[in-house]
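Letter by letter, the chains look like this.
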Amino acid sequence: MLLEGKKALVFGVANNKSIAYGISSAFRREGARLAFSYVGEAIQKRVDPICEELGGDFTFPCDVTDDAQVAGAADLVREKWGTVDCIVHSVAFAHRDDLHGRFIDTSRDGFRLALDVSAYSLVSVCKAFEGLLAPGASVITMTYYGSQKVITNYNVMGVAKAALEASVRYLAVDLGEKGIRINGISAGPIKTLAASGISGFKNILNHIEEHAPLRRNVTIDDVGGSAVYLASDLSAAVTGEIHFVDCGYNVMGI
Ligand code: NAD
């Protein structure tokens, strides 16, 4: 078992379609201990049973836009576990209004919110948990190809993902001094709650099925497998990377 006894903190399970659920299930199979964040009571009602199903240790509230909640989460985890071996950051949000039409119409508030939840949160979580991360620990965040290329309607989220990916590289240097690694997984499109906010998402799925080298879309289990590698010592010398799990779509030209 590749993650035997490793303590993994998972931010971003909303339901059993979430990418973070696929990652958590794979971690569980590899022997990891798990704890899950939630935002608000509605999500807690879904996350508590998932924690139980996957044999997790505990759940905790954490709205990543609230510094006090992030600090509170770190205090709680310190008390429960002392140290952490892996953080999965699988969190993003933008207003539905900003996920269709012209990017140029993005409001200042919409831009600020998308960047805050989807990019700055990685920085704030790393900072809050830095003291708990054991040497050799691994941080994994979730990104998408819309950071590099224009994907219709992805708009402000593409800009947020570009900031997230750059943050991975800068954080790799800061955390690397302590032997802590951080990488991003750039997953192909998957039908989840967050994805349902993107106008015309089905067209993206259809396009990938036709054009990706593997002629199919990725699953949350595909992402889980790659996350196991990035969390485990198999990737001990890998940091600051964006690893594509997209059935090869990103290599395509015409
Ligand atoms: P999801 O809706 O299942 O997960 C998104 C999570 O973000 C939810 O658990 C939600 O509660 C959490 N979240 C939103 N605002 C938050 C806040 N203020 N504080 C704390 N948590 C908050 O959707 P998903 O597709 O599994 O998304 C997970 C990650 O994967 C996101 O970063 C997303 O951009 C990324 N991603 C998704 C796809 C896709 O096609 N679904 C592809 C590549 C990358």
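The rules behind the values
Residues numbered from 1 in each chain as written. Predicted model: local features only at pLDDT ≥ 70, side-chain atom pairs only at ≥ 80, totals over all residues. Heavy atoms only, no water. Phe/Tyr/Trp six-rings, centres within 6.5 Å; stacked < 30°, edge-to-face > 60°. Lys NZ or Arg CZ within 6 Å of the ring centre and 35° of its normal. Core = buried A, V, L, I, M, F, W, Y, C linked by side-chain atoms within 4.5 Å. Buried < 20%, exposed > 50% of the residue type's maximum accessible area, 1.4 Å probe, protein only. Contact = heavy atoms within 4.5 Å. Pairing = 2+ DSSP bridges. Helix = DSSP H or I, 4+ residues; strand = E, 2+ residues; numbered from the N terminus. Axes fitted to C-alpha atoms, helices over the stretch in contact; angles between N-to-C directions. Right-handed = clockwise from strand over helix to strand, strands pointing away. Near = heavy atom within 4 Å. Polar contact = N/O pair within 3.5 Å; in protein donor to acceptor, adjacent residues only side chain to side chain. Areas by Shrake-Rupley, 256 points an atom, 1.4 Å probe, with all protein chains shown as cover. Nonpolar A, V, L, I, M, F, W, Y, C, P; charged D, E, K, R; others polar. UniProt positions renumbered as here; feature names shortened; annotations may be inferred. Salt bridge = Lys/Arg side-chain N within 4 Å of Asp/Glu carboxyl O. Expected span 1.5 Å × (residues − 1).

**Comments concerning the packing of aromatic side chains**
Across all of its chains, the model carries seven aromatic pairs by this definition. Here Phe58 and Phe60 contribute two aromatic rings whose centre-to-centre distance is 6.1 Å and whose plane-to-plane angle is 50°, an arrangement assigned as tilted. Seen from the ring of Phe58, Lys80 lies directly overhead, with NZ or CZ sitting 5.5 Å from the centre.

**Let's talk about the nonpolar core**
Ranked by size, the top nonpolar core spans 87 residues in total, and within it Leu9, Phe11, Phe27, Ile87, Phe129, Ile182 and Val223 carry the most contacts. When sequence neighbours within four positions are dropped, the list of residues in contact with Phe129 reads Leu9, Phe11, Val70, Ala73, Ala74, Val77 and Ile87.

**What to know about the sheet that holds strand β2 (residues 33–38)**
Read across the sheet, seven strands follow the order β3-β2-β1-β4-β5-β6-β7 without closing on themselves; strand pairing throughout is parallel. Of all the strands in the sheet, the pair left with one neighbour each is β3 (58–61) and β7 (242–245). Going from strand to strand, the sheet's axes swing by 20° on average, the running direction of each strand aside. Looking at chain direction, β2 and β3 are connected through four bridges and run parallel. Among the inter-strand pairings, Phe36 is bridged to a residue of β3, identified as Thr59. The strands touched by helix α4 (residues 108–129) within the sheet are β1 (7–11), β4 (84–89), β5 (133–143) and β6 (181–187), with β4 carrying the most contacts at an inclination of about 165°.

**Observations concerning the pairing of β2**
Burial analysis of β2 places five of its six residues in the buried class, the great majority of the element. In the classification by handedness, the crossover that spans β1, the intervening helix α1 (residues 19–29) and the parallel β2 is right-handed. With respect to chirality, the unit in which β2 leads through helix α2 (residues 40–53) into the neighbouring parallel β3 is right-handed.

**Looking at the site of the ligand**
Around the ligand, a shell composed of 28 residues is seen, among which Ser18, Ile19, Lys161, Ile190 and Thr192 lie nearest. Between an oxygen atom of the ligand and a main-chain N or O atom of Ala14, the distance comes to 3.4 Å. Between a nitrogen atom of the ligand and a side-chain N or O atom of Asp63, the distance comes to 2.9 Å. In the complex, the protein chains occlude 91% of the 810 Å² of accessible area that the ligand would expose alone. Each residue belonging to the shell around the ligand can be placed in one class, and the counts come to 19 nonpolar, seven polar and two charged.

**Overview of the UniProt feature "binding site: substrate" (unreviewed entry) in the protein chain**
Taken from the UniProt record, the annotation "binding site: substrate" (unreviewed entry) applies to Ala94. Checked against the element boundaries, Ala94 lands in the loop between β4 and α4. The class for Ala94 is buried, based on a relative accessible area of 8%. Setting aside chain neighbours within four positions, we find Ala94 in contact with Leu99, Ala114, Val156 and Met157.

**Focus: the pattern of salt bridges**
Scanning the model with the defined rule gives six salt bridges in all. The closest approach of N and O atoms between Lys6 and Asp233, which form a salt bridge, is 3.4 Å. Highlighted residues: Lys6 in the segment before β1 and Asp233 in the loop between α7 (220–231) and β7, separated in sequence by 227 residues. In this structure Asp233 comes out as exposed when scored by relative accessible area, which is 53%.

**A short note on α7**
At 3.6 residues per turn, the α-helix brings residues three or four places apart onto the same side. A rise of 1.5 Å per residue sets the reference length of α7, with its twelve residues, at 16 Å; its end C-alpha atoms lie 16 Å apart and thus fit the reference within 8%. Looking at α7, one finds that the buried residues are Ile220, Val223, Gly224, Ser226, Ala227, Val228, Leu230 and Ala231. Along its buried surface, α7 packs onto α1, β4, β5, β6 and β7.

**Quick look at the UniProt feature "active site" (unreviewed entry) in the protein chain**
Residues annotated by UniProt as "active site" (unreviewed entry) correspond here to Tyr144 and Tyr154. Assignment of secondary structure puts Tyr144 in the loop between β5 and α5 (155–176). Residue Tyr144 is classed as buried on the basis of its relative accessible area of 11%. Ignoring sequence-local partners within four residues, the contact set of Tyr144 consists of Ile151, Tyr154, Lys161, Glu165, Ser186, Ala187, Gly188, Pro189 and Ile204. On the basis of relative accessible area, Tyr154 is assigned to the buried category, the value being 7%. Not counting chain neighbours up to four residues away, the residues in contact with Tyr154 comprise Leu99, Tyr144, Gly146, Lys161 and Ile198.

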